[in-house]
Structures are given as structure tokens and as C-alpha cells.
Amino acid sequence: MILYFWFWSLIIANLYIKSVVQASILVIGSNETYADRAAAFGPRLSENGKVGYLVEPSSDRTGCNLVYPPISTDWIALVRRGGCSFVTKVRKMQESGAIAVVVGDPENRSGWVTMYTPDNTSDIKIPSLFITKKEYTTLHYLSKMAEDMPLMVILQADGFMTWPLLDLLLIIFVSPSIVMMFVLYSWLVKQKKMRRQEIASSEDIANLDKRCFRREKKSSAENVTGYDDEEECSICLESYRENDMLRVLPCKHAFHLSCVDTWLTTQKRFCPICKRDIALKSTIAAEITPLLSAR
Ligand SMILES: [Zn+2]
Ligand SMILES: [Zn+2]
């Protein structure tokens, strides 16, 4: 059972990772990869990825305006967050001939962001990615350095270098908490079951004897029936009145019917005086009968 939960937590962890970091940027010259996150709009990166030159528009680094002078090669726009909406940047860069857009956070604001817009984005034909300040700072520096010889990158759909580490971290943190939840749940179920075994069911109660309290009957019937009548109920400590309904337990102890029924169904399934289980009916009867006949 625990293995089953472990297996499921693995799948959940995997799905979670795929929703968090979906891609990476591979710089061909240095063979280094940078994690990024795909936007919620526009097309997804294909399995083969996208190859191009990473260029930061010199006219407007936010990418909110058309790039001037136009760039003729297959280029991927590296723009910074701010100035206009994410979708505006992507539209402007698409119009300027870019094959993809990488939006970098110039400040450490909110970590990883999934670029999103409620507007219709059916006109967007190029993929766009978000990178945090760490990646942006490095890629901005590299693209500036490579002005004479453009920086060639591959936008990859799966950066398999980043998966195992994240996978491992999630397995370490997510799976134990799921296993713990399962253990807690089974413990609660067990506790409830044990509690149910401790109290009497309505069926147990129905099998018990009951009778009417009669003062005059007591003296004559005492030895014959084996009833060991007390004058008062040991649960509520009130004296019995004529015609009170009494419940007689197999141990022959009697109480008010309502008092002992409440006790048996909510507290314990044994006699409040002698602690004998109400289910031990036959054994007790067998013990008592020889004693009575001996008198
Ligand atoms: Zn009572
Ligand atoms: Zn008893």
C-alpha cells in the first residue's frame, strides 16, 4: 500500500516539475544551459527545439516597440520585463521578424512567472519564454559580448540536465508527506474501529434482560431469581421508585434502563460495577447457576 502511494507521488511530482520548468536555453558556444518557463500563450516548443541567434534589440530593450534597424537573420529576441504587457512584447517582436522571444526579469521580483494574458492570442505564431534575473543577467552579458559574432542558442523543450535534480528534490519532500498523510489516515480509521469495539451496539443491548422494579417482589424473589437488587442506581445515584424500568446485565447487576444503556453505548461495553463484559452472558450464567442450586 505504501509502495502504491510512493508510485503515485512520483507521478504527481513529475507532473508538477513539468508545469514549473518546461524548457531550457542551450548556448551552443559554451554548451551551458539556462532554465526558463514557457508562456501560457502562443505555440509550444517542438521536440527538436528552436535554433537562432539571441539578440537584444538595441533600439528598445523592453521590446515594446518595433525593432529598428530590422534584423535579417533567424533571431530570438532577448527583452526585459516591464514597459508593456508580456503579450505586447511578443507581438512586437513577431512583427519585427523574431522567431521566438525570451523575456528576462531585470529585478528579483516574483521568481518564476508564467506569462499569461486573458486576451485572444491566436495571432501569436512564435513561442515565448520567461527567465529570472539570474539567467537574464548572464544571457544579457553574453549577447552583449558576442556583438561581432552573434550568440547562437537552442531553445529546448526539455532540458534533461535540470530534471533529475528537481525530480529528486520533489521525491524527497513530496513523497514522505503523502506517506505521512496515509499513515495518519489509517491510524484514525484504526482508532475509530477500536472505539467501536469498546462500546456496545444496539443489537447487544437488545439481547439484555429488563424488568420492572417492585419493592414487595424484592424480598421474596431475591434468592429465586438471583437478582441482587440495590435500592439505588449506581450510575445516577438515585433511589429506584416503584415501576422504574431496570436493565439487568448478565452479571445480574441492575441499573436504570436509560442510565445503563447510555453508558454501554457511549462509554464501555461492561458493567459499571463489576467490569464484566456484557457479551460473557453464557459463561456468567453457567457460573451462577451451580452456586444458586447449592444454597
Ligand atoms: Zn440511574
Ligand atoms: Zn456487574
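It should be noted that the structure appears before, not after, this text.
Along every chain, residues carry numbers that run from 1 in the direction the sequence is written. Each chain gets a letter, beginning with A, and each ligand a number, beginning with 1, in the order they are written. Residues qualify for local features only when their pLDDT is at least 70, as the model is predicted, and side-chain atom pairs are given and counted only at 80 or more; totals for whole chains, interfaces and linings, by contrast, use all residues. With hydrogens and water stripped out, all remaining heavy atoms of the structure feed into the side-chain values.

Draft legend 1. Spatial organisation of the coordination of the zinc ion (ligand 1). Taken together, the protein ligands of the zinc ion (ligand 1) are Cys233 (SG), Cys236 (SG), His256 (ND1) and Cys259 (SG), with distances of 2.1 to 2.3 Å. In this structure, the zinc ion (ligand 1) is surrounded by four donor atoms whose angles at the metal cover 93 to 119°, and the resulting shape is tetrahedral. Atoms are scored as donors when they are N, O or S and lie within 2.8 Å of the metal, with 3.2 Å used for Na, K and Ca; no water is included, so coordination may look incomplete. Within one chain, the residues donating to the zinc ion (ligand 1) are spaced in sequence as C-x2-C-x19-H-x2-C. Here Cys233 is found in the loop between α6 (215-225) and β9 (245-248), whereas its partner His256 is found in strand β10 (residues 254-256), with 23 residues between them in sequence. Four donors are marked tetrahedral only if all angles between them lie between 85 and 135 degrees, whereas four are marked square planar and six octahedral if opposite donors are more than 155 degrees apart and the other angles lie between 65 and 115; the remainder are marked irregular. Helix and strand definitions follow DSSP, with helices as H or I runs of at least four residues and strands as E runs of at least two, each counted in order from the N terminus.

Draft legend 2. Broad picture of the side chain of Thr62. Within the secondary structure, Thr62 is located in the loop between β3 (50-55) and β4 (75-80). Here a polar contact is taken to be a pair of N or O atoms separated by no more than 3.5 Å, where protein atoms must pair a possible hydrogen donor with a possible acceptor and residues adjacent in sequence count only if both atoms sit in side chains. In this structure the side chain of Thr62 is engaged in a polar contact, spanning 2.7 Å, whose partner is the side chain of Asp60. Ignoring anything within four residues of it in the chain, the contact list for Thr62 reads Val79, Arg80, Gly82 and Lys89. Two residues qualify as a contact provided that any one of their heavy atoms is within 4.5 Å of a heavy atom in the partner residue.

Draft legend 3. A look at the environment of Leu257. Its place among the elements puts Leu257 in helix α7 (residues 257-266). Taking the C-alpha atoms as reference points, Leu257 and Arg211, 46 residues apart in sequence, are found 9.0 Å from one another. If sequence neighbours within four positions are ignored, Leu257 has contacts with Lys210, Met245, Leu246 and Arg247.

Draft legend 4. Up close: the sheet that holds strand β8 (residues 209-212). A pair of strands is labelled paired if DSSP reports no fewer than 2 bridges between them. The sheet built from three strands is open, its strands ordered β8-β9-β10 with antiparallel pairing. Edge strands, defined here as strands with exactly one partner in the open sheet, are β8 and β10. When the angles between neighbouring strand axes are averaged without regard to direction, this sheet yields 35°. For β8 and β9, the ladder comprises four bridges, and the chain directions are antiparallel. Its bridge partner being in β9, Cys212 is matched across the sheet by Met245. Every angle, taken between N-to-C directions, lies between 0 and 180 degrees, and every axis is a line fitted to C-alpha atoms, over only the stretch in contact when it is a helix. Along the sheet, α7 contacts β8, β9 and β10; its crossing angle with β10, the most-contacted strand, is approximately 100°.

Draft legend 5. Expanded view of the coordination of the zinc ion (ligand 2). Protein coordination of the zinc ion (ligand 2) is provided by Cys251 (SG), His253 (ND1), Cys271 (SG) and Cys274 (SG), with donor distances spanning 1.9 to 2.3 Å. Seen from the zinc ion (ligand 2), its four donor atoms lie at angles of 105 to 117°, and the figure they make is tetrahedral. Read in sequence order, the donor residues coordinating the zinc ion (ligand 2) give the pattern C-x1-H-x17-C-x2-C. Of this pair, Cys251 sits in the loop between β9 and β10 while Cys271 sits in the loop between α7 and α8 (281-294); the two residues are 20 residues apart in sequence, bridging distant segments of the chain.

Draft legend 6. Broad picture of the sheet that holds β4. If you walk around this closed barrel you meet the seven strands as β1-β2-β6-β5-β4-β3-β7, and the pairing is mixed. Strand after strand, the sheet turns through a mean of 35° between neighbouring axes, direction not considered. Running over the sheet, helix α2 (residues 86-95) touches β4, β5 (100-104) and β6 (128-131) and is turned about 150° from β4. Along the sheet, helix α3 (residues 133-145) makes contact with β1 (23-27), β2 (32-38), β3, β4, β5, β6 and β7 (151-156), crossing β4 at roughly 125°.

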